[in-house]
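A closer look at the structure
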Amino acid sequence: GEKGLKDYYKDYFDIGVALPTRNFSEAETSFFKKHFNSVTAENAMKIQPIQPVQNQYNFAPVDSLVAVTRRLNMKMRGHTLCWHNQVPDWFFKREDGSTIDKATLYDRLKTHIYTVAGRYKNDIYAWDVVNEVISDKKEEFYRPSKFYEIAGADYIDSAYTWAHEAAPDALLFYNDYNEIDSTKRSKIIQMIRGLQAKNIPVHGIGLQAHWALNEPSESQLEQTLKDFSALGLNIQITELDMSIYPKEHQSREWDAARDKNTLYTNDIANAQAEKYAMFFKLFRKYSKQISSVTFWNISDKHSWLDDFPVKNRKDYPLLFDKDLQPKKAYEAVIDF
Ligand code: XIL
């Protein structure tokens, strides 16, 4: 049949997509098969969805997605074993409502990782073990999450060790966003070097790559890829999208009304295509290090950015339009 995105990139890296757990139409399934060779569950493997109640696991939706992925001959990334978001309250609490101690947290996290990573050890080839523990604030190293408040930073080492014990063949990643900020990037690199020095099994670095029309610049992105390459680890782009709104419009405090007249015009579509072409030019340049590029969501019909960080602001961040038709950005990315 006709070439899809993954075919254009077969000599460079895998092309992935983040999928929800619902039934897919035949048109969707053939679209996935054409363009992608890797899948990430958008939510289903996070702690809240997969273990909403202690020791009661909700595996069925994940099992279906694993089955679809296998049927389509695609690889699967696991996302994520340890994150401060989408984690249920029970995880940090005793029955009487008080906060658990470090030993109990270790126990719960170990059980969770053993159960989830163990169950899918023959299905998932790469795990985002720990997600987003580095702070965005200049003067702060770790994010002050519940995990960190209760257990300090040592649990990060243990999470990798447990994941490795449960799924010995899986590549283990550290995943984070705002990686184009040089201060945050230095901290991420410092943490990874620390893990490497302690012989903790960490094999890769995931760049979420939630980017915007005006950021990163070419030099900023190149510096980012250069800095991470120096770690000598596998690099994966794990959650790529490009908001049409500039970086300065990306905060929870931003008033959606100020963007209400922003339409997806030809000018924006062209600018987006040019920017996407630049991203992929650099990804190809660093393809010795980069083994996979995953888009966060399927098409502009629905993106998590429609509701984040600004509620109810339609965004157009992907390569395909609401009818799964290739946008100018798609044409630009395959034109090399
Ligand atoms: C997002 C999902 O896309 C949304 O559906 C959900 O409501 C919140 O999480 N960083 C991550 C992803 O690592 O797991 C997030 O996914 C987007 C930001």
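Conventions and cut-offs
- Residues numbered from 1 in each chain as written.
- Predicted model: local features only at pLDDT ≥ 70, side-chain atom pairs only at ≥ 80, totals over all residues.
- Helix = DSSP H or I, 4+ residues; strand = E, 2+ residues; numbered from the N terminus.
- Rg over C-alpha atoms; globule rule 2.2 N^0.38 Å.
- Contact = placed C-beta atoms within 7 Å.
- Expected span 1.5 Å × (residues − 1).
- Buried ≥ 20, exposed ≤ 12 C-beta atoms within 10 Å, placed from the backbone.
- Arc of directions from axis to C-beta.
- Pairing = 2+ DSSP bridges.
- Right-handed = clockwise from strand over helix to strand, strands pointing away.
- UniProt positions renumbered as here; feature names shortened; annotations may be inferred.

Counting secondary structure elements, the chain contains 11 helices and 9 strands. Computed over the C-alpha atoms, the radius of gyration of the chain is 20 Å, within 12% of the 20 Å expected from 2.2 N^0.38 for a compact globule of 336 residues. Overall size of the chain, expressed as C-alpha extent along the three principal axes, is 55 × 45 × 40 Å. Taking as baseline every contact in the chain between residues at least 6 positions apart, the subset at least 24 positions apart corresponds to 76%.

Our focus in this paragraph is helix H9 (residues 218–229). An ideal rise of 1.5 Å per residue puts 16 Å on 12 residues; H9 measures up with 16 Å between its terminal C-alpha atoms. Taken residue by residue, H9 has Leu221, Thr224, Leu225 and Phe228 as its buried positions. One face of H9 carries all of its buried residues, which in axial projection span an arc of 90°.

Let's shift gears to the pairing of strand S6 (residues 204–207). What you see with S6 is no split at all: Gly204 and Gly206 on one side and Ile205 and Leu207 on the other are buried throughout. Note: strand S5 (residues 171–176) against S6, 4 bridges, orientation parallel. Within the sheet, the bridge partner assigned to Asp176 lies in S6 and is Leu207. Crossover handedness for the path S5 to helix H8 (residues 182–197) to S6: right-handed. For S6 and strand S8 (residues 234–243), the ladder comprises 4 bridges, and the chain directions are parallel. Of the residues in S8, the one forming a bridge with Gly206 is Gln236.

Moving on, we come to the UniProt feature "active site" (unreviewed entry) in the chain. Taking the UniProt record as the reference, the feature "active site" (unreviewed entry) is found at Glu239. Mapped onto the fold, Glu239 is located in strand S8. Take Glu239: there are 24 C-beta atoms within 10 Å of it, and that puts it in the buried class. When residues no more than four places from it in sequence are discounted, the contact partners of Glu239 are Ala18, Gln208, Ala209, His210, Thr294 and Trp296.

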